[in-house]
Number of protein chains: 4
Amino acid sequence: MPRTETAILRIHCPDQRGIVARVTDFIHQNHGNVVALDQYTNREEGRFFMRVEWELEGFLLDRNDIGTVFGPLLGKPLDMYWDLKFSYKIPRMGIFVSKSSHCLYDLLARYEAGELKVEIPVIISNHKEMERVAKQFDIPFYHIPVNKGNKKEQEEKELEILKNHRVDFVVLARYMQILSSEFVANFPNSVINIHHSFLPAFAGAKPYHAAHSRGVKIIGATSHYVTSDLDAGPIIDQDVIRISHHDSVESLVQKGKDIEKIVLSRAVKAHLDRKTLVYNNKTVVFA
Amino acid sequence: MPRTETAILRIHCPDQRGIVARVTDFIHQNHGNVVALDQYTNREEGRFFMRVEWELEGFLLDRNDIGTVFGPLLGKPLDMYWDLKFSYKIPRMGIFVSKSSHCLYDLLARYEAGELKVEIPVIISNHKEMERVAKQFDIPFYHIPVNKGNKKEQEEKELEILKNHRVDFVVLARYMQILSSEFVANFPNSVINIHHSFLPAFAGAKPYHAAHSRGVKIIGATSHYVTSDLDAGPIIDQDVIRISHHDSVESLVQKGKDIEKIVLSRAVKAHLDRKTLVYNNKTVVFA
Amino acid sequence: MPRTETAILRIHCPDQRGIVARVTDFIHQNHGNVVALDQYTNREEGRFFMRVEWELEGFLLDRNDIGTVFGPLLGKPLDMYWDLKFSYKIPRMGIFVSKSSHCLYDLLARYEAGELKVEIPVIISNHKEMERVAKQFDIPFYHIPVNKGNKKEQEEKELEILKNHRVDFVVLARYMQILSSEFVANFPNSVINIHHSFLPAFAGAKPYHAAHSRGVKIIGATSHYVTSDLDAGPIIDQDVIRISHHDSVESLVQKGKDIEKIVLSRAVKAHLDRKTLVYNNKTVVFA
Amino acid sequence: MPRTETAILRIHCPDQRGIVARVTDFIHQNHGNVVALDQYTNREEGRFFMRVEWELEGFLLDRNDIGTVFGPLLGKPLDMYWDLKFSYKIPRMGIFVSKSSHCLYDLLARYEAGELKVEIPVIISNHKEMERVAKQFDIPFYHIPVNKGNKKEQEEKELEILKNHRVDFVVLARYMQILSSEFVANFPNSVINIHHSFLPAFAGAKPYHAAHSRGVKIIGATSHYVTSDLDAGPIIDQDVIRISHHDSVESLVQKGKDIEKIVLSRAVKAHLDRKTLVYNNKTVVFA
């Protein structure tokens, strides 16, 4: 689908009459050609959400002026949270991983194939095992072991590395350490985790053991933005797979990997396409 | 969700800049409060699709004048197909059925529970078996047997009955007769069928036998608008269920019933909510 | 599939070498024709599970003697829990319901259509609303209102009614009262509930509100045998449906009904086919 | 799950009384400890299918004698097709691929992680693009371009390469050439293909274009053993994903990749675990 570069505007604000009309009119008056628009009103909370994407070619406002004009004209008067991005700006993603390779390989294979519009400048791990995978894809790898005593200083090292590599957001591709609130505060709604259960069921450690013990007939995986509250951040995507009494913990782990990697990659793609919008600890994922 | 009555406008037209802005501005200028809006552009075909629903309370135009104003103002200039409905107008649904009760019961149980905003004034069958179900729900039942020789005259009877009961649309709840093109022409995009396969696989008769013979690992059901081309009309919804080599044709028939009735009822609901829009033999199903 | 009546034997016991050989040899020596056999070993727990079904026609042992012979010959020596049923014995199912009709209608429609090999002699409710549905299907209906003060005596009434109608097992088709441990003790592994969430997520009251509040992307339903531990009994079946931010609590309730009724009916069918076997608070569901 | 090496016996034969008893008795008499047993009778065709796996440690027969004894004792008298494998014999898999990397990466990532008990001695392609992926994983890569004129001789080259690398079975990981019947005859039930549609819907070329054109609401992928009849071989596994009118052909291709790779890898795993058994162009996949 060859197209010109686009502007992507995401907003949420108190609901009132005429928001769509006013936002689309702003684009229309400036000769913008809308290529995607999705909006939704949460009527219980009286909150309006919208994502609109339009072609920059032929748009009357210079891209550097769009926000400057939009803010006072609509953002402020309608009490909006708003965020403006441009499709030509490729986000830089840092990957954290521990010892399991399935999510890492899935992300790197998509990266290599050009499926994801992203740069991957760095992989960080608390173990050495994944260094060989990083080498296969020629991506700088940092081994930062973490234990109870050194967590604070190691996180500072990690932040330094992410800063040096100008990382925009972080993906925890089965990283088995809990990040501190201080760390997470550096990347608001920009750390994506994959949890190997159908949250909120089986939060915390060893979810497949817990699922097996409970005798569930379906297992799942959940990708979410990381907040300071463990496994309780806004959910981006989930998926499930049917199991049976035949499955041991080992086979649950094995089957679970297939949904973990797919769900994580779908969440990363939604984030990259700027289709997510967090409000009130929930994630709107636009069409 | 207590709300006032609403107007529902569905349009499709050649794509061009500013359609959303112009349509929402029309509503906004007349003090309409949009409660739902979904739009989408088929870029390959250069076609724009939109559904917008707004509250009638406080709207400046009288409901009888909305179309009269909208047509010349936007419909004509933008070369639109458009359709305007009001939520207080409850559609009248005629049901055709043969001998299987599962889809019929599912529809009637939802009707009785108030799940479907619909009137069901009449049930027609080419067999007598379902008369007892019709009686359970106090709905007039007509037995119109069909064979090769009498099809034309029997369809005329059926059309007469539907007319007398002021039926707006027809649901084939496992009706095992093929309706003639002449019959269907009376209800354009208003006859909903459930086919017991994942179309286009296994179109025609005995799809479960064919599925069993082919050794598929998943079976499905498809609801679609009926056209003169058998099992080839625009698809509204589909769903599937996993099977295995353990399943005989009988167990496929049994498992299939569960998806048939759910898929048909979902399609009927989408139709009742005026969320479907047919173009080029495909169905847009709005959010 | 026309076939003669069958015997169904379900066993579990400590695993050891040769159990399948010895059990199938017992059937073979008595000229039994096996029509279904499924077995599985839980290797972590060292426990063996098996279900075997064979034709009674031509079997050398009289049906009344099968257990008498099998017990001392294999049951006792192998330290088995074993259970023998005959296909000609149709189980009698009591239904408990509150105000929602969807699960009730689904069960009754299948009953009427002959999908379930069951008798339904009685429907009990703590409300009056479902009496009209019971009447549609000509099934005796008892209105037994329950409040904090009268629960014990009302449960005694219910047990009396179930006894009078010779009920073998009970299905809670969205019955919104918690049964006492004393009540449940009368029907071990014979009270089937449908919980409107993907357990163990959202156990307890108002699961759709909780799901909406948490922002999950998939909702589910769970059928399980009732134990004295609320929503924690052995799971028979589960299923899920994808939702989105568009869904309000009301639409979750609506979409949830479709999976609740299907999951409950599948669990009832598994129970009727004597395909379930409970051990250690988990349910083996044989193929 | 630490266990000793096992023997895996797969059989199918005309159904008759006592087959399970006789086969399990054979194992039991020789002190074999059964770790998995699954059997099923196709009653329409009167055919019996069974897979049984037992520990070799402590088995009274030498592994080289098992077949020699089993054949005359049970295989011949019961008119069986039977196949005996040992878990310590790791199969050697050749991969054919064209230009798409998603299935190739998925297989190689699992191989590298030890998920698949397999050797991958060789990758063959009609294009050069995947050579870099082969290099990442240090696997010999052969570029064998195919056109209308050279197909026969190129297939001979391929067979020579497969023979030199002692390949047991072949996986077509999105290989966009049709193999000749002569080639396939060298690997009966041992060439696994992934077709990017829910077969039998959209067999042949460009299934995503066809799915888009038909307006289906769900797309799928199918893995099957290759026979001389294009896209009509025995199905091993299938899966599907829900789509909508929003999806262009490009996004179908993209979403389809996720199910293609998972379905292919599941099929390869079933084959490696010796859980598949082909009869009458259908695949029994044991539990």
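Cut-offs and rules
Residues numbered from 1 in each chain as written. Chains lettered and ligands numbered in written order. Predicted model: local features only at pLDDT ≥ 70, side-chain atom pairs only at ≥ 80, totals over all residues. Heavy atoms only, no water. Contact = heavy atoms within 4.5 Å. Salt bridge = Lys/Arg side-chain N within 4 Å of Asp/Glu carboxyl O. Polar contact = N/O pair within 3.5 Å; in protein donor to acceptor, adjacent residues only side chain to side chain. Helix = DSSP H or I, 4+ residues; strand = E, 2+ residues; numbered from the N terminus. UniProt positions renumbered as here; feature names shortened; annotations may be inferred. Domains from an automatic or database assignment. Buried area = accessible area lost by both parts, 1.4 Å probe. Nonpolar A, V, L, I, M, F, W, Y, C, P; charged D, E, K, R; others polar.

**Student:** Provide a residue-level description of the interface of chain A and chain D, including the pertinent values.
**Tutor:** Contacts between chain A and chain D engage 25 residues on the former and 24 residues on the latter. Inspection of the region where chain A meets chain D yields six salt bridges. With a closest N to O distance of 3.0 Å, Arg132(D) and Glu112(A) form a salt bridge. Linking chain A to chain D there are nine residue pairs in polar contact (both at pLDDT 80 or more). Every element with two or more residues in the side of chain A that touches chain D is listed here: helix 3 (102-112), helix 4 (131-136) and helix 8 (249-272) of chain A.

**Student:** Hey, could you go over the UniProt feature "domain: ACT" (unreviewed entry) in chain A for me, with residue numbers and the actual values?
**Tutor:** UniProt records the feature "domain: ACT" (unreviewed entry) at residues 8-89 of chain A, using the numbering of this structure. Secondary structure across residues 8-89 of chain A divides into 29% helix and 39% strand, with the first and last C-alpha atoms of the span separated by 11 Å.

**Student:** If you had to explain the domain arrangement of chain A to someone new, which residues and values would you point to?
**Tutor:** All names here are of chain A. As far as domains go, chain A holds domain 1 (6-86) and domain 2 (92-285). The distance between the C-alpha centroids of domain 1 and domain 2 comes to 31 Å. Counting residues at the interface gives 13 residues for domain 1, matched by ten residues for domain 2. For the pair domain 1 and domain 2, the two sides together bury roughly 1000 Å², of which 58% comes from carbon and sulfur. Where domain 1 packs against domain 2, one counts one salt bridge. A salt bridge links Lys-282 to Glu-45, with the nearest nitrogen and oxygen atoms 3.9 Å apart. Remark: the boundary between domain 1 and domain 2 carries four residue pairs in polar contact (both at pLDDT 80 or more). Mapped by element, the contributors of at least two residues to the side of domain 1 that touches domain 2 are strand 1 (6-14), strand 3 (47-55) and strand 4 (81-86). Residue classes in the side of domain 1 that touches domain 2 are distributed as seven nonpolar, one polar and five charged.

**Student:** Explain the side chain of Gln39(D) to me, using residue names and the numbers behind them.
**Tutor:** For Gln39(D), the position within the fold is in strand 2 (residues 33-42). At 2.9 Å, the side chain of Gln39(D) and the backbone oxygen of Leu37(C) are in polar contact. If we skip the residues at most four places from it in the chain, Gln39(D) touches His246(B), Ala36(C), Leu37(C), Val20(D), Phe48(D), Phe49(D) and Met50(D).

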